[in-house]
Amino acid sequence: MAPWQHGSEYASRRENGAEQRRTKDTRVTIKIMAEFGKLLIFFGILLAAAGLLLLLLGRTHIPIGRLPGDFLYHGKKTIVYFPLATSLILSVVLSIALYLLSRFRR
């Protein structure tokens, strides 16, 4: 009997190997999905924290968004707002915070 015919010893070993690969692939897929779930939870918490921070900053009287250098144009039917100064300050603050965070992680 040829090795590729059903019922031979070679075919049963080949099927066992395929079953082991499927089991290993399933375990890898489950692990990837679990990690992806954790990542989604982390980003959800991060997004909720950012929303809470913005809500609290809105109640204080810090002039974020109304700084000198934030441009506002009123047209006949349009309003264009370009927060240049606010975006520069936010960029500097976030750069410093991320730099300090990377330094402490070492």
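Residues numbered from 1 in each chain as written. Predicted model: local features only at pLDDT ≥ 70, side-chain atom pairs only at ≥ 80, totals over all residues. Heavy atoms only, no water.

### With respect to the overall build of the chain
Now for step 1: Looking only at helices and strands, the chain has two helices and two strands in total.
Now for step 2: Each helix and strand of the chain, ordered N terminal to C terminal, gives the series α-β-β-α.
Now for step 3: The buried share among the 106 residues of the chain stands at 7%.
Now for step 4: The long-range share in the chain, meaning contacts at least 24 apart out of those at least 6 apart in sequence, stands at 0%. (Helix = DSSP H or I, 4+ residues; strand = E, 2+ residues; numbered from the N terminus. Buried < 20%, exposed > 50% of the residue type's maximum accessible area, 1.4 Å probe, protein only. Contact = heavy atoms within 4.5 Å.)

### Let's talk about the pairing of strand β2 (residues 79–83)
Now for step 1: With five bridges joining them, strand β1 (residues 70–74) and β2 adopt antiparallel strand pairing. Paired with Leu72 across the strands is Tyr81, a residue of β2.
Now for step 2: In this antiparallel pair of consecutive strands, β1 and β2, the connection spans four residues. (Pairing = 2+ DSSP bridges.)

### A closer look at the side chain of Thr86
Now for step 1: The residue Thr86 is located in helix α2 (residues 84–105) in this model.
Now for step 2: For Thr86, the contacting residues outside a window of four places in its chain are Ile64, Gly65, Arg66, Leu67 and Asp70.

### Some remarks on a nonpolar patch on the surface
Now for step 1: Nonpolar side chains collect at one region of the surface, where Phe36, Leu39, Leu40, Phe42, Phe43 and Leu46 lie side by side and expose about 600 Å² of accessible area between them.
Now for step 2: Relative to the helices and strands, Phe36 resides in helix α1 (residues 9–59). (Patch = residues over 30% accessible without salt bridge, like charges linked within 9 Å, V, L, I, M, F, W, Y side chains within 5 Å. Areas by Shrake-Rupley, 256 points an atom, 1.4 Å probe, with all protein chains shown as cover. Salt bridge = Lys/Arg side-chain N within 4 Å of Asp/Glu carboxyl O.)

### Digging into the side chain of Asp70
Now for step 1: Here Asp70 shows up in strand β1.
Now for step 2: No salt bridge is formed by the buried Asp70; the nearest opposite charge belongs to Arg66, separated by 8.1 Å.
Now for step 3: At a separation of 3.4 Å, a polar atom in the side chain of Asp70 contacts the main-chain amide nitrogen of Arg66.
Now for step 4: A distance of 3.1 Å separates a polar atom in the side chain of Asp70 from the backbone nitrogen of Ala85.
Now for step 5: Once residues within four sequence positions are removed from consideration, Asp70 is found in contact with Gly65, Tyr81, Phe82, Pro83, Leu84, Ala85 and Thr86. (Lys, Arg positive; Asp, Glu negative; His and termini not counted. Polar contact = N/O pair within 3.5 Å; in protein donor to acceptor, adjacent residues only side chain to side chain.)

### Comments concerning the confidence of the model for the chain
Now for step 1: For the chain, the mean per-residue pLDDT works out to 82, and 78% of the residues sit at or above 70.
Now for step 2: Taken element by element, the chain is modelled with least confidence in α1, mean pLDDT 80, and with most confidence in β2, mean pLDDT 94. (pLDDT = per-residue confidence, 0-100.)

### Remarks on the environment of Arg66
Now for step 1: Mapped onto the secondary structure, Arg66 falls in the loop between α1 and β1.
Now for step 2: Distance in space between the C-alpha atoms of Arg66 and Thr86 is 7.9 Å, their sequence separation being 20 residues.
Now for step 3: If we ignore the near neighbours within four places in the chain, the residues touching Arg66 are Tyr81 and Thr86.

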